[in-house]
Structure formats: C-alpha cells, structure tokens
Amino acid sequence: MKTMLLTSAFIAFAVPAFAADAVYAPPEAPLPVENPTAVPFTWSGPYLGVQGGGSWLSGDFTLGGVRSQESFDGGVLGAFAGFNHQFDNNVVAGIEGDLSYNWNESDVQGLGNAGTDLNGAVRARLGFAIDRALIYGAAGWTAASGYTDIPGVTKDSKTMNGYTLGAGIDYAITDKMFGRVEYRFNDYGKQDIGPSTFDMKENRVTVGVGVKF
C-alpha cells in the first residue's frame, strides 16, 4: 500500500515538472535557408544609354598647296546602344553602335572654318566581368561628317571613314542601370573636302549612363 502511495505521489509531482520543461524550453535557432529565387547579376542582354565628354581633334590640312597642322578642342554628346553576352567564365562579348555630335570648329589658315560635327561608330567589344564591374576593350569602324566653309570661295562637307580603338569600364549601379567611363581613339583617314585635304585624328574621353533590358 505504501508503495502505491509513493508511486502516485511521484507521478503527481513529475508530470507537471515535465510539462513545464516542455512549455518553457527555449526554441532552437532556425538554420539559414538560401533564397532559391536569387539570380546572380549578368551583363547579358541589350542596353542603351547617353554619354558626353571632351574631344581633342587634330588634323593635317592642305589648302591651295599650303599645308598646316590644326587642332580642335570641343565637347561631344551622343547616345549608344548594344548587346552583350556573358559566358560562364565571366568573359563578356558584344557589339555596340553610337551616334554623337562634336562641337570642334576652328579657323584654318585664316581663310575660313573647318571641322567635324556628326560622327558615329560600330564596334565589337570584349571584356571581363568582376562582379558588377565590366572592364572592356573595343574596336571597329567609325565615320564623321567633315566640312569646310571658306566665305566667297566654297562651302562643302563629306563623310570621312576610318577605324576606332578604345577601352573603358562599365559599372552596374543597380541590376538595370550602369555608369560608364571610356577613352577612344578615332582615325577618320584622309578626305578631300572642297579645296582642302583633311587628315583627321581624334582622342576623346566620355562618361555615360545606360539601362539594361
């Protein structure tokens, strides 16, 4: 009888104690769960943007048998569009076209004005992506509208064709928007415009902003 009473008393005290432990035991910290919907950033896809900066144009001019070296410093403003493909090894290949306007008119030999205004290019690009930064080089075809204006003598313009080389950095500010800094060398070749012979080369530095799609 005593044994039964002691057993009943033990059960009466033990059950509430176990229940208290079950209610007040602190929960274990949850294990971190990776987001299965997270998509790594990529440069692949089409894009477009605007850019502007400075242009340093120099050229050999031959007018009436007299040859001179002329220099132009001016601004440049334009737009660009292109398409990139990023490979698994972070190499990025693409193609890009742009159209710009230059303000670089200058007096030539004291006879009249000459310079270039509209210019454009189509370039192949090859780069390497480091997270959100894309370091690239580019090369391709370029053209510019050159003109000469000698009062009372002639006013003429023609398209000059040549090659372009450059390098730059694109940096993704967000998944859709990126900034750009670029240097470019343009050789527009030699072209007779009116009574003048142009041989034009240009260095330019631009900054821009673009949007990926």
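Structure report, in brief. (Residues numbered from 1 in each chain as written. Predicted model: local features only at pLDDT ≥ 70, side-chain atom pairs only at ≥ 80, totals over all residues. Heavy atoms only, no water.)

For Ser-100, the position within the fold is in strand E3 (residues 91–103). The class for Ser-100 is buried, based on a relative accessible area of 3%. Once residues within four sequence positions are removed from consideration, Ser-100 is found in contact with Gln-51, Val-76, Leu-77, Gly-78, Asp-117, Leu-118, Asn-119 and Arg-204. (Helix = DSSP H or I, 4+ residues; strand = E, 2+ residues; numbered from the N terminus. Buried < 20%, exposed > 50% of the residue type's maximum accessible area, 1.4 Å probe, protein only. Contact = heavy atoms within 4.5 Å.)

Turning our eyes to something else, we now look at a nonpolar patch on the surface. Among the surface-exposed residues, Leu-48, Val-50, Tyr-171, Ile-173, Met-177, Val-209, Val-211 and Phe-213 lie close enough to one another that they form a single nonpolar patch of about 730 Å² accessible area. Elements with a minimum of two residues in the nonpolar patch: strand E1 (45–63) and strand E9 (196–212). Following the sequence through the fold, Val-209 ends up in strand E9. Val-209 sits in the partly exposed class, given a relative accessible area of 37%. (Patch = residues over 30% accessible without salt bridge, like charges linked within 9 Å, V, L, I, M, F, W, Y side chains within 5 Å. Areas by Shrake-Rupley, 256 points an atom, 1.4 Å probe, with all protein chains shown as cover. Salt bridge = Lys/Arg side-chain N within 4 Å of Asp/Glu carboxyl O.)

So, about the pattern of salt bridges. Two side chains of opposite charge can pair, provided their charged atoms sit close to one another. Applying the stated rule across the entire model yields 13 salt bridges. The residue Asp-98 makes a salt bridge to Arg-184 at a minimum N-O spacing of 3.1 Å. Residue Asp-98 is found in strand E3, and its partner Arg-184 is found in strand E8 (residues 177–193); the two are separated by 86 residues along the sequence. Like Arg-184, Asp-98 is buried. Residue Asp-175 is joined to Arg-132 by a salt bridge in which the shortest nitrogen-to-oxygen separation is 2.6 Å. Linking Asp-175 in the loop between strand E7 (154–172) and E8 with Arg-132 in the loop between strand E5 (112–130) and strand E6 (133–150), this pair joins segments that are 43 residues apart in sequence. On the basis of relative accessible area, Asp-175 is assigned to the partly exposed category, the value being 47%. Bridged by salt links that share partners, the residues Glu-96, Asp-98, Arg-123, Arg-125, Asp-170, Arg-180, Glu-182 and Arg-184 form one connected network.

On to the nonpolar core. Of all hydrophobic cores here, the largest spans eleven residues; its members are Leu-57, Phe-61, Phe-72, Val-108, Ala-114, Ala-144, Met-160, Tyr-188, Ile-193, Phe-198 and Met-200. Within the residue set of this core, elements represented by two or more residues are E1, E8 and E9. Membership of the second largest hydrophobic core comes to nine residues, among which are Tyr-47, Ala-129, Leu-134 and Tyr-136. (Core = buried A, V, L, I, M, F, W, Y, C linked by side-chain atoms within 4.5 Å.)

Judged from the eleven bridges that link them, E3 and E5 form a sheet pairing that is antiparallel. Looking at E5, one finds that Asp-98 is bridged to Ala-121. Linking strand E4 (residues 106–108) to E5, which pair antiparallel, is a turn of three residues; within it Gln-109 sits at a positive phi near 55°. Looking at chain direction, E5 and E6 are connected through 16 bridges and run antiparallel. Within the sheet, the bridge partner assigned to Val-122 lies in E6 and is Trp-141. (Pairing = 2+ DSSP bridges.)

A positive phi angle, near 75°, is found at Asn-90, a position not held by glycine. Turning to its location among the elements, Asn-90 is positioned in the loop between strand E2 (66–86) and E3. We classify Asn-90 as partly exposed; its relative accessible area is 30%. Despite not being glycine, Asp-131 has its phi angle at roughly 55°, a positive value. Position of Asp-131 relative to the elements: it lies in the loop between E5 and E6.

Our next topic: the pairing of E1. As judged from the 19 bridges shared by E1 and E2, these two strands associate in the antiparallel manner. What sits directly across from Gly-52, in E2, is Leu-77. Relative to E9, E1 runs antiparallel, the two sharing 17 bridges. Following the sheet pairing, Gln-51 is matched in E9 by Gly-208.

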